[in-house]
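# Architecture at a glance
Here is how the chains run, residue by residue.
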Amino acid sequence: MSDLIAIIYPSEAKAEAVRQRLFKLQKEYLITISDAVIAVKTDGGSVKLNQLVNTTAVGAVSGSFWGLLIGVLFLNPILGVALGAASGALGGALSDYGIDDAFMKELSTSLQPGNAALFVLVKNITADKVLRDIQDAGGTVLKTSLDDTKEQKLREALAKASAEQAPPQTNAA
């Protein structure tokens with residue numbers, strides 16, 4: 001069973017840095033990631049998704065290959081490639097991989113403009129080692145499907161790092 005974790009960061013660059021750390025940890029077999037998407041709220045209020053897999057491009061490439069193959073069989077490879085690419089791109093654009101796009105956009109509407117949310121779909125995790133590696137990045141937990149104790153540990157670790165990064169407040173009297 002996979003778990004969903006969504007964490008808010010102050011910028012897209014910060015969210016991307018954490019995503020890259022998670023990919024590094026995946027190479028060390030400490031975490032298995034099914035999907036990792038960054039949602040950014042623009043100044044205009046719309047939500048932009050930065051996904052790992054561009055399904056439209058993958059569909060177009062796959063469709064081109066199959067179109068070429070079928071086109072060669074029917075002695076019209078150029079038409080086959082064109083039709084295959086078009087149908088593959090359409091199929092790719094209509095398909096969704098990993099975390100539901102509408103769900104991410106709905107959750108991201110509460111973000112402040114410029115903030116980013118990192119959505120990670122995790123299959124397996126060595127929680128203590130992964131948390132130790134990402135906790136210094138801070139962030140605020142938006143939503144998880146973790147059990148209550150794991151979620152509380154995540155919230156506490158990220159809150160501690162965020163409090164340490166906050167500039168000291170002074171009273172100007």
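Quick note: structure is the one above.
What you see is a predicted model, and the numbers here were worked out from it, not measured in a lab. (Residues numbered from 1 in each chain as written. Predicted model: local features only at pLDDT ≥ 70, side-chain atom pairs only at ≥ 80, totals over all residues. Heavy atoms only, no water.)

## Some details on the environment of Ile8
Checked against the element boundaries, Ile8 lands in strand 1 (residues 3-9). On a C-alpha basis, the gap between Ile8 and Gly139 in space is 5.4 Å, while along the polypeptide they are 131 residues apart. Setting aside residues no more than four positions away along its own chain, Ile8 makes contact with Leu111, Asn115, Ala116, Ala117, Gly139, Thr140 and Leu142. (Helix = DSSP H or I, 4+ residues; strand = E, 2+ residues; numbered from the N terminus. Contact = heavy atoms within 4.5 Å.)

## Re the pattern of salt bridges
Inspection of the entire model under this criterion finds four salt bridges. Glu12 is paired through a salt bridge with Lys48; the nearest N and O atoms lie 3.6 Å apart. Here the residue Glu12 occupies a position in helix 1 (residues 12-27), and Lys48 occupies one in strand 3 (residues 47-50), the gap between them amounting to 36 residues. What makes Glu12 partly exposed here is its relative accessible area of 26%. Its relative accessible area of 41% is what places Lys48 among the partly exposed residues. Between Arg155 and Glu151 there is a salt bridge; the shortest N-O distance is 2.7 Å. (Salt bridge = Lys/Arg side-chain N within 4 Å of Asp/Glu carboxyl O. Buried < 20%, exposed > 50% of the residue type's maximum accessible area, 1.4 Å probe, protein only.)

## A short note on the sheet that holds strand 5 (residues 140-144)
Read from one edge of the open sheet, five strands run 3-2-4-1-5, paired in antiparallel fashion. The open sheet has two edge strands with one neighbour each: strand 3 and strand 5. Direction aside, the axes of adjacent strands within the sheet are offset by 25 degrees on average. Across nine bridges, strand 2 (residues 31-41) lies against strand 4 (residues 116-125) in antiparallel orientation. Along strand 4, the bridge assignment pairs Thr32 with Asn124. Sitting on the sheet, helix 4 (residues 101-108) is in contact with strand 1, strand 2, strand 3, strand 4 and strand 5, with an inclination near 130 degrees to strand 3. (Pairing = 2+ DSSP bridges. Axes fitted to C-alpha atoms, helices over the stretch in contact; angles between N-to-C directions.)

## Comments concerning helix 5 (residues 127-134)
Buried residues of helix 5: Val130, Leu131 and Ile134, and no others. For helix 5, the buried positions fall inside an angular range of 100 degrees around the axis, keeping them on one side. (Arc of directions from axis to C-beta.)

## Brief notes about the pairing of strand 2
For strand 2, the buried fraction is high: ten of the eleven residues fall into the buried class. Bridge analysis of strand 2 against strand 3 gives four bridges, and the strand direction is antiparallel. Looking across to strand 3, one finds that Val40 is bridged to Lys48. Hairpin remark: strand 2 followed by strand 3, antiparallel, with five residues in the connecting loop; positive phi at Gly45, about 100 degrees.

## Regarding the nonpolar core
Within the largest apolar cluster, 27 residues are counted, with the highest numbers of intra-cluster contacts made by Leu22 and Leu118. Of all the secondary structure elements, the ones that give two or more residues to this core are strand 1, helix 1, strand 2, strand 4, helix 5 and helix 6 (148-165). For Leu22, the contacting residues outside a window of four places in its chain are Ile31, Ile33, Leu118, Val120, Val130 and Ile134. Counting residues in each nonpolar core, the second largest holds 13 residues, with Leu4, Ala6, Met104 and Ala117 among its members. (Core = buried A, V, L, I, M, F, W, Y, C linked by side-chain atoms within 4.5 Å.)

## Looking at the side chain of Ser108
Among the structural elements, Ser108 can be located in helix 4. Accessibility expressed as a relative area gives 0% for Ser108, which makes it buried. Those residues within four positions of Ser108 in sequence are excluded, and the remaining contacts are Ala39, Lys41, Val47, Ala117 and Phe119.

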